[in-house]
Amino acid sequence: VELVSAFGASDISTSFDTSLRTMSNIAAAGVVLDSVLASTRRVQRGDGTHAVLVAASTLVLVTAVGRVFSPQYLVWLVAAVATCLAVAPDAYRWPAILLGGANALAHVVYPVLFYDYLGVEGAAVAVGVVRNVAFLVAGILAVRAAHRFRTGSGHPPVEEHEGVEPLDADVLVGPDR
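Cut-off values and rules
Residues numbered from 1 in each chain as written. Predicted model: local features only at pLDDT ≥ 70, side-chain atom pairs only at ≥ 80, totals over all residues. Heavy atoms only, no water. Phe/Tyr/Trp six-rings, centres within 6.5 Å; stacked < 30°, edge-to-face > 60°. Helix = DSSP H or I, 4+ residues; strand = E, 2+ residues; numbered from the N terminus. Buried < 20%, exposed > 50% of the residue type's maximum accessible area, 1.4 Å probe, protein only. Salt bridge = Lys/Arg side-chain N within 4 Å of Asp/Glu carboxyl O. Axes fitted to C-alpha atoms, helices over the stretch in contact; angles between N-to-C directions. Parallel < 35°, antiparallel > 145°, perpendicular 65-115°, else oblique. Left-handed = near helix turned anticlockwise from the far one by under 90°. Contact = heavy atoms within 4.5 Å. Nonpolar A, V, L, I, M, F, W, Y, C, P; charged D, E, K, R; others polar. Expected span 1.5 Å × (residues − 1). Bend = angle between axes of the 7 residues up to and from the residue. Polar contact = N/O pair within 3.5 Å; in protein donor to acceptor, adjacent residues only side chain to side chain. Core = buried A, V, L, I, M, F, W, Y, C linked by side-chain atoms within 4.5 Å.

Undergrad: Please provide a residue-by-residue account of the packing of aromatic side chains, values included.
TA: Applying the stated criterion across every chain yields a total of one aromatic pair. A centroid spacing of 5.3 Å and a plane angle of 40° characterise the contact between Y73 and W76, whose relative ring orientation is tilted. Residue Y73 and its partner W76 are both found in helix α3 (residues 71-87); the two are separated by three residues, about one turn of the helix. A relative accessible area of 57% means that W76 is categorised as exposed.

Structure follows, in structure tokens:
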């Protein structure tokens, strides 16, 4: 294990980096493919709630399996998961709790244990591993919740609400486009 600096960032490098990069790329491609299939097969037209759940879950899991990690990525996901909690609180309780824990651990690693983490020393590595596992499990549970979600609010899709007329394409982009 060695420390490598590139493009203003520090990275831990090992002899099996190529294999890890390949696995990460395959996992990210699989998450995106699953998201596309879920969106096209399970999300009904006008079901904004389910679309939000699929999009937010995809963001969380793609970030979890991605090759680059930074604590601000977790902070960015807070709003997406908060939106999921607003529309499906029971389904997203555990993903939100795990993401909150991963977020807290990420902010312990970076300001407090950063140099120990880069030096692959003791507690810093354990905290980093727990953070990564919590993040990954949060993403998996979020995607699972999005897959199992069924619109049961009794509200019709957006285009079927009374008093709401669908917009003409000419209004949105003009008649000459």
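Undergrad: Break down the pattern of salt bridges for me, citing the residues and quoting the values.
TA: Going through the model one piece at a time under the given rule, you end up with one salt bridge. With a closest N to O distance of 3.2 Å, R93 and D90 form a salt bridge. On the accessibility criterion, D90 (60% relative accessible area) is exposed.

Undergrad: How would you sum up the packing of helix α4 (residues 93-109) against helix α6 (residues 122-148)? Please name residues and give values.
TA: Running from N to C, α4 and α6 cross one another at 155°; their axes reach a closest spacing of 8 Å. By the angle between their axes, α4 is roughly antiparallel relative to α6. Crossing angle aside, the handedness with which α4 passes α6 is left-handed. Between α4 and α6, the residues in contact are W94, P95, L98, L99, A102, L105, A106 and V109 and V127, G128, V130, R131, A134, F135, V137, A138, L141 and A142, respectively. Residues belonging to the contact of α4 with α6 are distributed by class as follows: 16 nonpolar, one polar and one charged.

Undergrad: Explain α3 residue by residue, including any values.
TA: Here α3 contains 17 residues, and its C-alpha end-to-end distance of 26 Å stays within 8% of the 24 Å for a straight helix at 1.5 Å per residue. Taken as a whole, α3 carries its principal kink of about 30° at V78. For α3, the complete set of buried residues consists of P71, L74, L77, A80, V81 and C84. Check the buried side of α3 and you find it contacts α2 (48-65), α4 and α6.

Undergrad: Explain the side chain of S57 to me, using residue names and the numbers behind them.
TA: Mapped onto the elements of the fold, S57 is located in helix α2. A polar contact is formed between the side chain of S57 and the backbone oxygen of A142, at a distance of 2.9 Å. The residues contacting S57, other than those within four sequence positions of it, are Y92, A142, V143 and A146.

Undergrad: Pulling in residues and values, what's your account of the nonpolar core?
TA: One finds L53, V54, C84, A88, Y92 and A146 to be the most contacted residues of the largest nonpolar core, which totals 13 residues. For this core, the secondary-structure elements that each account for two or more residues are α2, α3 and α6. Excluding anything up to four places from it in sequence, A88 contacts L53 and F149. The next biggest cluster of nonpolar side chains, apart from the first, holds eleven residues, and it includes L74, L99, A106 and F135.

Undergrad: I'd like a description of the environment of A145, backed by residues and values.
TA: Of note, A145 is situated in helix α6. In this structure the C-alpha to C-alpha distance between A145 and W94, which are 51 residues apart in sequence, comes to 9.9 Å. Among all residues touching A145, those that are not within four sequence positions of it are A91 and Y92.

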